[in-house]
Amino acid sequence: MEQWRFILTPPMSPEMNMAVDEAILISHSEGKVPPTVRFYTWDPATLSIGYFQKAAKEIDLDAVKGSGLGFVRRPTGGRAVLHDKELTYSVIVSESHPKMPSGVTEAYKVISLGLLHGFQELGLQAEMVSLASEEEKEKYSSPGSSACFDSPSWYELVVEGKKVAGSAQTRQKGVILQHGSILLDMDVELLFSLLHFPSDRVKQRMMDSFRQKAVTINEVSPHPVSLSEAVDAFYRGFASGLGVSLEKQELTPDETALAEELARTRYGTDEWKFRR
Amino acid sequence: MPGNAKLLRTGRRSCLHDYAFLQVLQPFLFPGPSAAAKTPSAVEQSAKHCVNIAGNKVRQTFAQKRPQSAVVPRGVKTYGLLAVLAFFTLVTPIAYSIPLEYAWGDDEAFSHSYRFVQIPLYGVKNPRRITRAIDQEYV
């Protein structure tokens, strides 16, 4: 069985978390490290926004600062995510890897099998929903808020019909980086207090819609799931879902140095955070 | 024929038409072998005069609209066309050889946002439509 690398990093700052993902991507593109699955958490809890999001327009930056949250722009797309009570995962693998289809959603589906198996390891009835029909697209389409998690994509992981994980991808240097959030718990009020809305009425409507479409592990699990339990379950889930053997390793010194440089020169700078 | 004479006096604009009309209708208006003899020479002279005036006017108009300086030499046209073709022939592969880098979120499955759109290809500021084809290749 093919061996991939597994890295569990300690809680890191928002800029370091993004920088580490990109450092692994660069190292993998140079053939220095094998395909990698990484699990991580955030210190402090952070609001991340998608690569193309307009920070000032969509995010209440004063509220973010006032809540003591970190703030970072991801290299991947998607919308705002509050990384608080969650396990974040990233998968870094070459586009040319035999297991990886060339299509975005197909590759997303393959990687998401790891998530699916992870949820099943936790005893949850997770399933991959294919949104092939127009009705399904309409049913699950986003109501237009800036928050992630309120609209499943073409292949979406759902538990009890609700979205349980949000993912995003980027492809650079011939390498796929997909990362995403596995929600253990979620403070919906806090998340929506960080986003701009035209009016309180719209905000309330979005929040109601969000609650109907997104769910956390601990809302559907018959017993409380801790972070360490989630790590164990998804470690096994990614191994079986991807059909690989995951070997626990650390970041290489080169990756650490590169990540620190990227955090300093890119992800930690206002130029990057507020580029839009 | 008083009627024809009156028609010819209606103005310069219709002179050519009137003259042609007269030529066409002549056999009907003046049937028989003696038609030519019956054609009023004054009418015909007046019609020819009108044609001359109209012809001069047409020449003047064309001369004004196509001054010599505006005539494009044949070589310039050819080289211009070749330059445009060469530009697109060279630039298109270069543009498409730029590594396709994109950022995508699963909540944007129906509106892919590719980093490639940041490149103002051919000066298009919002080339989402250009990337649509690339999008289709990927999805």
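Chains are numbered independently. Their residues run from 1 in the order of the written sequence. Note on labels: chains are lettered from A, ligands numbered from 1, in written order. Totals for whole chains, interfaces and linings use all residues, but because this is a predicted model, local features are given only for residues with pLDDT of at least 70 and pairs of side-chain atoms are given and counted only at 80 or more. Think of the side-chain values as coming from all heavy atoms in the structure, minus any hydrogens and water.

Topic: the sheet that holds strand 5 (residues 81–83) of chain A
Residues and elements named next belong to chain A.
- Judged by pairing direction, the sheet is mixed, and its three strands sit side by side in the order 4-3-5 without closing on themselves. Across the chains shown, the open sheet's two edge strands, defined by having one partner strand only, are strand 4 (70–73) and strand 5. Along the sheet, successive strands turn relative to each other by an average axial angle of 25 degrees, direction set aside.
- One requirement defines pairing of two strands: DSSP has to find at least two bridges between them. In this text, helices come from DSSP runs of H or I with a minimum length of four residues, and strands from runs of E with a minimum of two, each type numbered from the N-terminal end. Bridge count for strand 3 (residues 46–49) against strand 5 is three bridges, and the pairing is antiparallel. Within strand 5, the residue paired with Thr46 across the bridge is His83.
- Across the sheet, helix 1 (residues 14–29) lies against strand 3 and strand 4, angled at about 30 degrees from strand 4, the strand it touches most. Where helices are involved, their axes are fitted lines through C-alpha atoms of the stretch in contact, as for all axes, and angles between N-to-C directions lie from 0 to 180°. We call two residues in contact whenever any of their non-hydrogen atoms come within 4.5 Å of each other.

A short note on the pairing of strand 1 (residues 3–8) of chain A
Residues and elements named next belong to chain A.
- Strand direction decides the pairing type here: strand 1 and strand 12 (residues 245–248), joined by four bridges, are parallel. Following the sheet pairing, Gln3 is matched in strand 12 by Ser245.
- When strand 1 meets strand 2 (residues 36–40), the two strands line up parallel, connected through four bridges. From the neighbouring strand, Phe6 faces strand 2, where its bridge partner is Val37.
- Taken together, strand 1, helix 1 and strand 2 form a β-α-β motif whose crossover is right-handed. Clockwise travel from the first strand over the helix to the second, with the strands pointing away from the viewer, marks a crossover as right-handed.

Quick look at the packing of helix 1 of chain A against helix 10 (residues 253–267) of chain A
All names here are of chain A.
- Two numbers describe how helix 1 lies on helix 10: the axes approach to 8 Å, and their chain directions differ by 125 degrees. On the basis of their axis angle, the class for helix 1 and helix 10 is oblique. Our pair here, helix 1 against helix 10, has a crossing hand that is right-handed. The residues of helix 10 that touch helix 1, namely those facing Glu15, Met16, Met18, Ala19, Val20, Glu22, Ala23, Ile24, Ile26 and Ser27, are Glu255, Leu258, Ala259, Glu260, Leu262, Ala263, Arg266 and Tyr267.
- Only Asp, Glu, Lys and Arg are considered charged in this grouping, and only Ala, Val, Leu, Ile, Met, Phe, Trp, Tyr, Cys and Pro are considered nonpolar; every other residue, Gly among them, is considered polar. Class assignment of the residues belonging to the contact of helix 1 with helix 10 gives a composition of 12 nonpolar, one polar and five charged. For classification purposes, angles smaller than 35 degrees are called roughly parallel, those larger than 145 roughly antiparallel, those between 65 and 115 roughly perpendicular, and all remaining angles oblique. Two helices crossing with the near one rotated counterclockwise from the far one by less than a right angle form a left-handed crossing, whereas a clockwise rotation gives a right-handed crossing.

With respect to the sheet that holds strand 7 (residues 126–130) of chain A
Residues and elements named next belong to chain A.
- Within the open sheet, the three strands sit side by side as 7-8-9. Their pairing is antiparallel. For this open sheet the edge positions go to strand 7 and strand 9 (162–163), each flanked by a neighbour on one side alone.
- Relative to strand 8 (residues 155–159), strand 7 is paired through five bridges, and the arrangement is antiparallel. Bridge pairing links Met128 to Leu157 in strand 8.
- Of the strands in this sheet, strand 7 and strand 8 are in contact with helix 4 (residues 104–121), which crosses strand 8 at around 15 degrees.

Observations concerning the packing of aromatic side chains
All names here are of chain A.
- A pair of Phe, Tyr and Trp rings is counted when the ring centres sit within 6.5 Å of each other, with Trp represented by its six-membered ring. The angle between the planes then sorts it: under 30 degrees is stacked, over 60 is edge-to-face, the rest tilted. Enumeration over the complete set of coordinates arrives at 12 aromatic pairs over all chains.
- Measuring from centroid to centroid gives 5.8 Å for Tyr40 and Trp42, while their planes differ by 50 degrees, and the two rings are tilted. Of the two residues examined, Tyr40 and Trp42, each falls in the buried class.
- With 5.6 Å between their ring centres and 5 degrees between their planes, Phe192 and Phe197 make a pair best called stacked.
- Assessed through its relative accessible area of 0%, Phe192 is described here as buried.
- The rule is simple: take the accessible area with a 1.4 Å probe, protein chains only, and divide by the maximum for that residue type; under 20% is buried, over 50% is exposed, in between is partly exposed. On the basis of relative accessibility, which here comes to 18%, the residue Phe197 falls in the buried class.
- Chaining the aromatic ring pairs together yields one cluster made of Phe6, Phe39, Tyr89, Tyr235 and Phe238.
- The residue whose ring lies beneath Arg38 is Tyr40, and the NZ or CZ to ring-centre distance is 3.7 Å.
- In this structure, Arg266 packs its charged tip against the face of Trp272, placed 5.6 Å from the ring centre. In this scheme, the term charge over a ring applies when either NZ of a lysine or CZ of an arginine sits within 6 Å of the ring centre and within 35 degrees of the ring normal.

Digging into the confidence of the model for chain B
Residue and element names in this part refer to chain B.
- Residues at a pLDDT of 70 or more form 22% of chain B, whose mean pLDDT is 58.
- Segment residues 1–8: pLDDT under 50, and 11 contacts once partners within four positions in sequence are set aside and those in other chains are kept.
- Taken together, the stretch residues 109–139 has pLDDT below 50 and engages in 67 contacts with residues farther than four places along the chain or on a different chain.
- For this predicted complex, the interface confidence reaches an ipTM of 0.70, while the overall pTM sits at 0.70. The quantity called pLDDT is the predictor's confidence in a given residue, expressed from 0 to 100.

Here's the deal with a nonpolar patch on the surface
- A contiguous nonpolar surface patch, about 470 Å² in accessible area, is contributed by Tyr79(B), Leu81(B), Leu82(B) and Leu85(B).
- Mapped onto the fold, Tyr79(B) is located in helix 5 (residues 74–97). The patch calculation keeps residues exceeding 30% relative accessible area without a salt bridge and links them within 9 Å when they carry like charges or within 5 Å when they are nonpolar (Val, Leu, Ile, Met, Phe, Trp, Tyr). Values of accessible area rely on a 1.4 Å probe in the Shrake-Rupley scheme; residue burial ignores everything except the protein chains shown. A pairing counts as a salt bridge when a side-chain nitrogen of Lys or Arg comes within 4 Å of a carboxyl oxygen of Asp or Glu.

A look at the pairing of strand 11 (residues 175–183) of chain A
Residue and element names in this part refer to chain A.
- With nine of nine residues buried, strand 11 lies mostly within the body of the structure.
- The two faces of strand 11 match: Val175, Leu177, His179, Ser181 and Leu183 on one face and Ile176, Gln178, Gly180 and Ile182 on the other face are all buried.
- Bridging between strand 6 (residues 86–94) and strand 11 involves nine bridges; their strand directions are antiparallel. Bridging across to strand 11, Ser90 finds its partner in His179.

Considerations on the nonpolar core
Residues and elements named next belong to chain A.
- With 37 residues, the main nonpolar core has Phe119, Phe234 and Phe238 as its most contacted residues.
- Those elements that place two or more of their residues in this core are strand 1, strand 2, strand 6, helix 4, strand 8, strand 11, helix 8 (217–220) and helix 9 (227–242).
- The leading source of residues in this core is helix 9, at seven residues.
- Among buried residues, those of type Ala, Val, Leu, Ile, Met, Phe, Trp, Tyr and Cys that are joined through side-chain atoms within 4.5 Å constitute a nonpolar core. With 25 residues, the next largest nonpolar core counts Met12, Val20, Leu262 and Tyr267 among its residues.

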